Amino acid sequence: MDTARLKKSFAQVTMHGDEVALFFYSSLFLRHPGLRELFPVSMATQRDRLVRALGRILSDVENIEQLRPFIEGLGRDHRKFGTLTDHFKPLGDSLIATMAHFSGPGWTPELEADWQAAYDLVAQIMIDAAAEDELVHPARWDATVLFHDRRAFDTAVFRVGTLEELSYLPGQSVAIEYETRPRIWRYYSIANAPRPDGTLDFHVRTVPGGELSMALVGGLAAGSRLRLGAPVGTLTLDDRSDRDVLLVAGSTGLAPVKAIAEQIAALPRPPQVTLFFGARHADGLYDLADLEKFSASAPWLTVIPCVSDEADYDGQRGLLPDVVARCGSWVYHDAYLAGPTPMVEGMAGRLAAQGVPQEQIHVEDFGWSEP
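Residues numbered from 1 in each chain as written. Predicted model: local features only at pLDDT ≥ 70, side-chain atom pairs only at ≥ 80, totals over all residues. Heavy atoms only, no water.

1. Looking at the packing of helix α8 (residues 254-265) against helix α9 (residues 288-296)
When two helices pack together, their arrangement is given by the angle between the helix axes and the distance between those axes.
Here comes step 1: One can describe the packing of α8 onto α9 by two numbers: an axis separation of 12 Å at closest approach and a directional angle of 15°. On the basis of their axis angle, the class for α8 and α9 is roughly parallel. Crossing angle aside, the handedness with which α8 passes α9 is left-handed. Within the contact between the two elements, α8 uses L254, K258, A261, E262 and A265 and α9 uses D290, L291 and F294. (Axes fitted to C-alpha atoms, helices over the stretch in contact; angles between N-to-C directions. Helix = DSSP H or I, 4+ residues; strand = E, 2+ residues; numbered from the N terminus. Parallel < 35°, antiparallel > 145°, perpendicular 65-115°, else oblique. Left-handed = near helix turned anticlockwise from the far one by under 90°. Contact = heavy atoms within 4.5 Å.)

2. So, the nonpolar core
Here comes step 1: Membership of the largest hydrophobic core comes to 33 residues, with the highest contact counts inside it found for I57, I71, L95, M99 and W115.
Here comes step 2: Residue contributions to this core peak at nine residues, all from helix α6 (residues 109-134).
Here comes step 3: Contacts of I71, omitting those with residues within four sequence positions, involve I57, I64, V122, I125 and M126.
Here comes step 4: Grouped together as the second largest cluster of nonpolar side chains are 28 residues, L291, F294, V303 and Y313 included. (Core = buried A, V, L, I, M, F, W, Y, C linked by side-chain atoms within 4.5 Å. Buried < 20%, exposed > 50% of the residue type's maximum accessible area, 1.4 Å probe, protein only.)

3. Focus on the pairing of strand β5 (residues 200-205)
Each regular strand shows side chains that alternate between the opposite faces of the sheet.
Here comes step 1: A large share of β5 lies buried, amounting to five of its six residues.
Here comes step 2: Strand direction decides the pairing type here: strand β2 (residues 155-162) and β5, joined by six bridges, are antiparallel. Looking at β5, one finds that F158 is bridged to F202. (Pairing = 2+ DSSP bridges.)

4. Re unusual backbone geometry
Here comes step 1: Residues other than glycine seldom take positive phi values, yet S251 does so here, at roughly 55°.
Here comes step 2: With respect to the secondary-structure elements, S251 resides in the loop between β7 (244-250) and α8.
Here comes step 3: Overall, S251 belongs to the buried group, its relative accessible area being 12%.

5. Here's the deal with the pairing of strand β6 (residues 225-228)
Here comes step 1: With burial as the criterion, only one face of β6 is covered, namely that bearing L226 and L228; the residues R225 and R227 on the opposite face remain uncovered.
Here comes step 2: Sheet topology note: the strand β1 (residues 141-152)/β6 ladder contains four bridges and is antiparallel. Bridge pairing in β6 links T144 to R225.
Here comes step 3: Where strand β3 (residues 173-178) lies against β6, three bridges are found, and the strand directions are antiparallel. Bridge pairing in β6 places Y178 opposite L226.

6. Remarks on the environment of A156
Here comes step 1: Structurally, the position occupied by A156 is in strand β2.
Here comes step 2: The class for A156 is buried, based on a relative accessible area of 0%.
Here comes step 3: A156 sits 81 residues away from G75 along the chain, and the two C-alpha atoms are 30 Å apart.
Here comes step 4: For A156, the residues in contact, after removing those within four places along its chain, are H148, D149, R150, R151, F202, H203, V204, L216 and V217.

7. Some points on the confidence of the model for the protein
Here comes step 1: Averaged over all residues, the pLDDT of the protein is 88; the fraction at 70 or higher stands at 94%.
Here comes step 2: Ignoring residues within four places in sequence, the model shows residues 366-371, a span with pLDDT below 50, making 25 contacts including any to other chains. (pLDDT = per-residue confidence, 0-100.)

8. Here's the deal with the layout of surface pockets
Here comes step 1: Of the pockets and cavities examined, the second largest pocket occupies roughly 570 Å³.
Here comes step 2: Lining the second largest pocket are 25 residues; nearest its centre among them are R205, S251, G278, A279 and R280.
Here comes step 3: Looking at the lining of the second largest pocket, the elements that each hand over two or more residues are β8 (273-279), β9 (301-307), α10 (320-326) and α11 (341-354).
Here comes step 4: Residues belonging to the lining of the second largest pocket are distributed by class as follows: twelve nonpolar, nine polar and four charged. (1 Å grid on protein atoms, 1.4 Å probe; cavity = no way out; pocket = protein on both sides within 12 Å on 5 of 7 lines; lining within 4 Å. Points joined across faces, edges and corners; volume = space filled by probe spheres on them. Nonpolar A, V, L, I, M, F, W, Y, C, P; charged D, E, K, R; others polar.)

9. Considering the sheet that holds β3
Here comes step 1: Pairing is antiparallel across the open sheet formed by six strands, whose spatial order is β4-β3-β6-β1-β2-β5. Edge positions in the sheet fall to β4 (186-189) and β5, since each of these pairs with one other strand and no more. Here the average twist between neighbouring strands, direction ignored, is 40°.

10. Quick notes on the sheet that holds β8
Here comes step 1: Here six strands make up an open sheet; going across it, the order is β10-β9-β8-β7-β11-β12 and the pairing parallel. Across the chains shown, the open sheet's two edge strands, defined by having one partner strand only, are β10 (316-317) and β12 (361-363).
Here comes step 2: In terms of strand pairing, β8 meets β9 through seven bridges, oriented parallel. Paired with T274 across the strands is T302, a residue of β9.

11. Comments concerning the packing of aromatic side chains
Here comes step 1: Per the stated rule, a full pass over the model turns up eight aromatic pairs.
Here comes step 2: Here the aromatic rings of F23 and F102 are separated by 5.6 Å at their centres, their planes lie at 75°, and the arrangement is edge-to-face. Here F23, found in helix α2 (residues 18-31), pairs with F102, found in helix α5 (residues 88-103); they are 79 residues apart in sequence, far enough to count as distant.
Here comes step 3: On the basis of relative accessible area, F23 is assigned to the partly exposed category, the value being 26%. (Phe/Tyr/Trp six-rings, centres within 6.5 Å; stacked < 30°, edge-to-face > 60°.)

What follows is the structure, given as structure tokens:
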């Protein structure tokens, strides 16, 4: 398998934009119409996820062992859709047909063999992970909303209980489906460390046009029924490190870093932790009261809120990367970043420029609800 040839091929194919995923799913459903019922009515988000997942895998395909946790997570998570081993061949056939279509004259037997080998490898890792997971976990968890608190017009915090225990690491996410929005799954980070009673907190902000986010913020109430997928994500605490910790959260990106802070609280000797919580306006700091109560009982935790678009705010003002940079040097810290993608990318770049080693910068690959 020539990984350089694969990457070049994918880069050329993705120049066709949305047509790629549209062709893939059209091919899949025409050849295998029975698979259509596994997918939501609107395929817009699903098409985007396909290209992002392929890009994530192909960006590091030569280091497949480093990618293995991500691919295994996909395999476990896809059980919630009802995905079976027999579904992987139709998916692979449609993928190869899509690559051939958009490659044009550049499609060769050697390139086809590369794509087939790469797909077979990824598919087998997913199949093995799903089969192993099936022995110990359900495909999805039924959950009941215990309380729902609308903290702002566009933001809500709610807690759920599950009939079966859902094991996860602080910082991970699960996909959520609401009974009134069937087959629409979106990822949300769990906002607490595991509790003895097994309850889970979620922070959700509405996305314009987001069918599920608007329903979760405006339509949930105590007693509402949800379904949850398997936990995924790699924004988890490096418990081998003895460095102090920097947590940076934009908007509802607070959820995973709050879970990590709770995990740190349970350590015998917590490191010093600085948590920056940013929003555009003060009312976007929807969980600040809880954070301040938390820090009041945790001398190792410093909470610094900031806003970017409110000139008369009595506190730190500016974009999160700017505020964090001017508040100190973080070279000897482990950094955990979550929130809107532009903020996370900007913050990671700023820390790297400050000299923070790449292995000390941990970011959320996916899971937050903002675009």
